[in-house]
Amino acid sequence: MTGQLEQLAIRATVRIGPDTAPGTLWGSGFLVAPGWVLTCAHVLHIDGDVESVGTLRVQGHRLDTPARLAYWLGGGTDPEQDLALVRLKDDAADGHACVRLTDRYDPPHQVTAFGWRTPTGGAPQRWNGHSECNGRDGSYGFTLAPHMEIPHGASGGPLLDRDHGVVAGIVKARRAGKDGGLAVAATALRGFREARAVGGEDSLGPDPYAALIRAHDRWHHRMTAGPNWVRLQGETRAGGWGARDSAEASALLAELPRPLSSAELQWMISRVLGYEPLWEDELAPVDWRDGQGWAHDQPEGAEIVALHYLLAVAHACRRRAPDAVAELERWVKARIERLPGPFAALLRERAADERELVVGDDRLADNTDDHGSAGPVAPDSERPVIAVELERNPYGPGERFHWRVWSWPDGPATARMLDEDTEDEGAPLADLQRALHQPLRRAFRKLDAEHRRARLELALPVEHFGLDVHQWPRTAEPSMGARRQVVLRALNRRGEPSPEWRERWDGVAGSALKALPVHAPEYAKEALEAAAPDAVPVLCRPPHQNADSLTDTIGAGYGVALWSLKGEHARACGVDCGELYGRSAQLLGSVDGAAALPERLRALREQAGEEGGEDAAWTAHVALLYDDPRRPLPVCDDPLDSP
C-alpha cells in the first residue's frame, strides 16, 4: 500500500511563495497538523529579519490560502536550525490532509522525497523521487544516496520512510554538482520547544513542540474514514504492535500533562526497557510520544514494552490528570486482554510494580511548582540538580580550570556526568561563562520543567568562592540567580561526608535558622567550632580577604553559610557589615529549614530586579553555600587535569 501512502503524502505537500505573486515558487512544505505547515527556514527568504517575511501563499491539494511565518529555529547552517512553522489563515486550518510523523529513532533506509519544482518557463508542478538514506550528518542530518536529483523548489518537502510508512524527515538541499542530497530528521522538531515566535505568535503556548505534535496525533486519531494514513500505514508491516495501536496510544498520551522534565522521562524509559538507551543528548525524548518510539524492535516484543511504558506514564500522571489517565488505562487494559495468557500476566505484574513505585516515590506523580500553582511543592531533595565541578589545573599557565557537569537523575546515589571539559589547559575564570554556556544550556533543557527549574550548584575551591555565577549573564536581564537557584559547594568535599558535616546539616534541616556573625578572621575558627548545630555563619569579608575563615567554616562541618561579595572590606567592620548581618538574620529567620533557603534567596533576587525591589538589592552581593551531604560530589577516577 506504499503507493496509496505516497498519494496521501502528495496531498499533504504544498508549495510556498509570496502572497503577492501566487505563481512564484520559493520552495515546498507539508502539513503536519491542522493549520500548520513545516518547511525549511531558508525557503522563506528570511535574510536575517524574520519580521520582514510578510504574507505567504500556500498552495496544494484543494488548498490556496494566505499564511505567515509563526515559529523558526534560527536559520543557521546546521540541519536542525533550518526549520520553520508556517501558520495558515484560520479558515484554512481544517479540511486538508496531514502526514504522519515517525516516532522512531533509527534512520530510515528506503525513502521517497516529495516537493514542487518549476520547469524552465513553466508553472510549478509536483515532483517526487526514490532514494536511500545512506548516512548521517550530525545529530539531525540524513544524507541521501545519488539515486535521484533533487530539483530547485523541493526543499522543505517531506521524506517518506517507505519501510514503515511514516514521514521521517524534511528535504533540505541537493548536493552541489552531484546527485543525492541532505534531509533533516523529523526528531529535529523537538527543537521547537525553544523556537523563536514571530509576529507575536503564541498559539502553541510555552512548548510549541508538544502542542504541535499533540495536535498532529489527535488529528490522525480522528481520521478513521476512507483510505486514511494510519490504516494504510498498518498494511505496510506485520507485528503485534501496529500503526493503529501506536496512533491510538499517541492520541491518549496527547491528553496528559507534559513530563516534569526530559530527564525524568528518560529515567522512566530506561526503567521500562531495563537499560539506558545510548541516545545522544540532542536526540533524547522530551514528550510522552517520543518515549513510545523506543518500543520498536525490542527483543521482548514491541507490544509488551509499549504497554509497560504506557502503564508507567499513567501512574506518573494519575494525580495531575485522573480522567485522562483513566481513559488511557481502560485502553491499555483492553489491549492487554488480547495478549496470550503469560504476556498478560507479566504486564499485570508490572502494573502492580508501577503502582507501588509511585506510592513510594512522588517525583513523577505531581510535584510541579515551587510557587504552588499546580500541586504540592517538591521537596528540596527531589528538585532537579545540575552541579558544575570546577577544578584548577595545577600545570597550566595562570589560573585555569577544568570542569565537569553532573546530575542526579534517580536519587542521591545515581550521580551521572553529563558533560566535561575537553581543553588540555582548561579555561580562565573570566572565560567560564562562555565555556559553560552550551553545556549548561543542554543540561537545563534536559532537567528543567515548566514550573520547576533545576538548581545550579558550583563546586569549586574555597579561595574562589568570590565567583558570582548568579549574576550571569551580565549583558541581559534577568540574571541567572533570579531565574533559578544558584548555590556554591566546596570542591574538597567529594565522597563520603564527615560526621561533623552530617551533624550540622541535620541541625539546620528542619528548624528555624540562626545567623552566626563571623567578624575578625583571627577569632573565627573558635567561634565556628563552638556554635550550635542550627547556626548559619554569615561572613562580612569577601573571599579574597577571608579565605581562612571560609576554610574554617567548611572544616567545622557547615553545609550552609552566607558571605559578602562586595569589593574591599575595611580593617574594622562598619555600617555595611551591620546591614549584612541584619538582613541575613531576617532571611534565615523567614524560612523553615535549610531546604527552603535557596528558593527564598532566588525569589529575593528576582524581586530585586523588579520595580520597587530596592530592599532586596543586597542579595546581588551575597553568595550562598548549600552543600547537601546526602548528595555528595562523586569521587571520579579520572582527575580533572591535563595529561
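Everything below is about the structure shown above.
Residues numbered from 1 in each chain as written. Predicted model: local features only at pLDDT ≥ 70, side-chain atom pairs only at ≥ 80, totals over all residues. Heavy atoms only, no water.

Considerations on the sheet that holds strand β7 (residues 110–117)
Inference 1: Pairing is antiparallel in the closed barrel, where six strands are placed in the order β7-β8-β9-β12-β11-β10. Across the sheet, the mean angle separating the axes of adjacent strands is 40 degrees when strand polarity is ignored.
Inference 2: Seen against the sheet, helix α1 (residues 2–12) touches β7, β8 (125–137) and β10 (158–161) and runs at an angle of roughly 35 degrees to β7. (Pairing = 2+ DSSP bridges. Helix = DSSP H or I, 4+ residues; strand = E, 2+ residues; numbered from the N terminus. Axes fitted to C-alpha atoms, helices over the stretch in contact; angles between N-to-C directions. Contact = heavy atoms within 4.5 Å.)

A closer look at the pairing of β10
Inference 1: What you see with β10 is no split at all: Pro 158 and Leu 160 on one side and Leu 159 and Asp 161 on the other are buried throughout.
Inference 2: Inspection of the sheet shows β7 paired to β10 by three bridges, in the antiparallel sense. For Ala 113, the partnering residue across the bridge sits in β10 and is Leu 159.
Inference 3: The pairing of β10 with strand β11 (residues 166–174) spans four bridges and is antiparallel. Paired with Leu 159 across the bridge in β11 is Gly 169.
Inference 4: Here β10 folds back onto β11 in antiparallel fashion, the turn holding four residues, of which Gly 165 has a positive phi close to 70 degrees. (Buried < 20%, exposed > 50% of the residue type's maximum accessible area, 1.4 Å probe, protein only.)

Points about the packing of helix α5 (residues 262–273) against helix α7 (residues 302–317)
Inference 1: Orientation of α5 relative to α7, taken along the N-to-C sense of each, is 140 degrees, at an axis distance of 10 Å. By the angle class used here, α5 and α7 are oblique. Relative to α7, the crossing made by α5 is right-handed. In contact with Leu 265, Met 268, Ile 269, Arg 271, Val 272 and Leu 273 of α5, α7 contributes Val 305, His 308, Tyr 309, Ala 312, Val 313 and Ala 316. (Parallel < 35°, antiparallel > 145°, perpendicular 65-115°, else oblique. Left-handed = near helix turned anticlockwise from the far one by under 90°.)

Remarks on helix α8 (residues 322–337)
Inference 1: Helix length check: α8 (16 residues) gives 22 Å between terminal C-alpha atoms against 22 Å at 1.5 Å per residue, within 8%.
Inference 2: Buried within α8 are the following residues: Ala 324, Val 325, Leu 328, Trp 331, Val 332, Arg 335 and Ile 336. The buried residues of α8 all sit within an arc of 140 degrees when viewed along its axis, so they share a single face. The outward face of α8, more than 90 degrees from its buried face, is lined by the exposed residues Asp 323, Arg 330 and Lys 333. (Expected span 1.5 Å × (residues − 1). Arc of directions from axis to C-beta.)

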